[in-house]
Amino acid sequence: APTALAIVLALMLAPMARALEHIRVPSGVAAVVIVVATVSVLVFAGLKFAPSIADAVKHGPAVLQSVEAKLQPLRKQIAAVESASRQIAHAGQAAPARGAIVPVMEDNGVLYSLASTAPGVLAKIVYVTVLTIFLLSTRRRYTNQIILLPRTVVGRLRMARICRDVKSRVSGYLFTLAMINVGLAVVTTIAFRIAGIPHGILWGVAYGFLNFVPIIGPTAIILSSALYG
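Rules and cut-offs
- Residues numbered from 1 in each chain as written.
- Predicted model: local features only at pLDDT ≥ 70, side-chain atom pairs only at ≥ 80, totals over all residues.
- Heavy atoms only, no water.
- Salt bridge = Lys/Arg side-chain N within 4 Å of Asp/Glu carboxyl O.
- Helix = DSSP H or I, 4+ residues; strand = E, 2+ residues; numbered from the N terminus.
- Buried < 20%, exposed > 50% of the residue type's maximum accessible area, 1.4 Å probe, protein only.
- Axes fitted to C-alpha atoms, helices over the stretch in contact; angles between N-to-C directions.
- Parallel < 35°, antiparallel > 145°, perpendicular 65-115°, else oblique.
- Contact = heavy atoms within 4.5 Å.
- Nonpolar A, V, L, I, M, F, W, Y, C, P; charged D, E, K, R; others polar.

A.B. asks: Help me understand the pattern of salt bridges, please; the structure alone is not making it clear to me.
C.D. replies: When the charged atoms of two side chains with opposite charge come close together, those side chains can pair. Scanning all chains against the criterion turns up four salt bridges. A salt bridge links R164 to D165; the shortest N-O distance between them is 3.7 Å. Between D165 and R169 there is a salt bridge whose closest N-O contact spans 3.9 Å. Of this pair, D165 and R169 both sit in helix α8 (residues 153-195), four residues apart, which is roughly one turn of that helix. Exposure remark for D165: the relative accessible area of 24% places this residue in the partly exposed category. Residue classification places R169 among the exposed residues on the basis of a relative accessible area of 59%.

Next comes the structure, spelled out in structure tokens:
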């Protein structure tokens, strides 16, 4: 996943790198500036929204209880199905033997979870940053090598057209999609603030990020925000 993320970031940031290279900025310097700035913004956003995420997780049970209470009439209609499913679940579970030691998971809270996962997350951030810089700064060299892989002139022309389409179409599409999702995050934040829903910025960023995932992402965030509302 980090490697795929680095490849997508390199394709997405390629138009910005080309814009800097057109004003005589070396490709390596352009890649470092763009990638470091982008990763810094993402990390800063994550740190800024950490308190909001912790607060949302803290109030999650209360929200779920409220949703459950409002869906109580619907639950009564499917009580028979729930009862049957519970009986099946209990039938498949063996009761612990008397005197046996049953492990108990200790909940240390959100801060402990963040602290325990921070080293791994930091390592992945460094890996994605370095790999994205490498892919951006050496994209022309490796593009030329890929074009020279076929032995025939026709094959090399075909490979050159493929690389050109990837550069102009795929990269442009990802960059345009990113700008659209940034606008979606801003508009959603404003709408949630007007509606008086807490953590409007967090919801807006969630809409923007999940909109990158076709069908599943928008559907999941729309259903989640509808239940929360």
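A.B. asks: Hey, could you run me through the packing of helix α1 (residues 2-22) against α8 in this one?
C.D. replies: In a packed pair of helices, the relevant descriptors are the angle between the two axes and the axis-to-axis distance. Viewed as axis vectors pointing N to C, α1 and α8 meet at an angle of 95°, and their least axial separation amounts to 8 Å. For the element pair α1 / α8, the angle class is roughly perpendicular. Contacts from V8, L11, M12, A14, P15, M16 and R18 in α1 reach V166, K167, V170, S171, L174, F175 and A178 in α8. Residue composition of the contact of α1 with α8, by class: eleven nonpolar, one polar and two charged.

A.B. asks: Is there a simple way to think about unusual backbone geometry in this case?
C.D. replies: Unusually for a residue other than glycine, R24 sits at a positive phi of about 70°. Tracing the backbone through its elements, the reader meets R24 in the loop between α1 and α2 (27-58). For R24, a relative accessible area of 78% puts it in the exposed group. A positive phi is found at I215, a non-glycine position, where the angle reads about 65°. When you line up the elements, I215 lands in the loop between α9 (200-210) and α10 (216-228). On the basis of relative accessibility, which here comes to 68%, the residue I215 falls in the exposed class.

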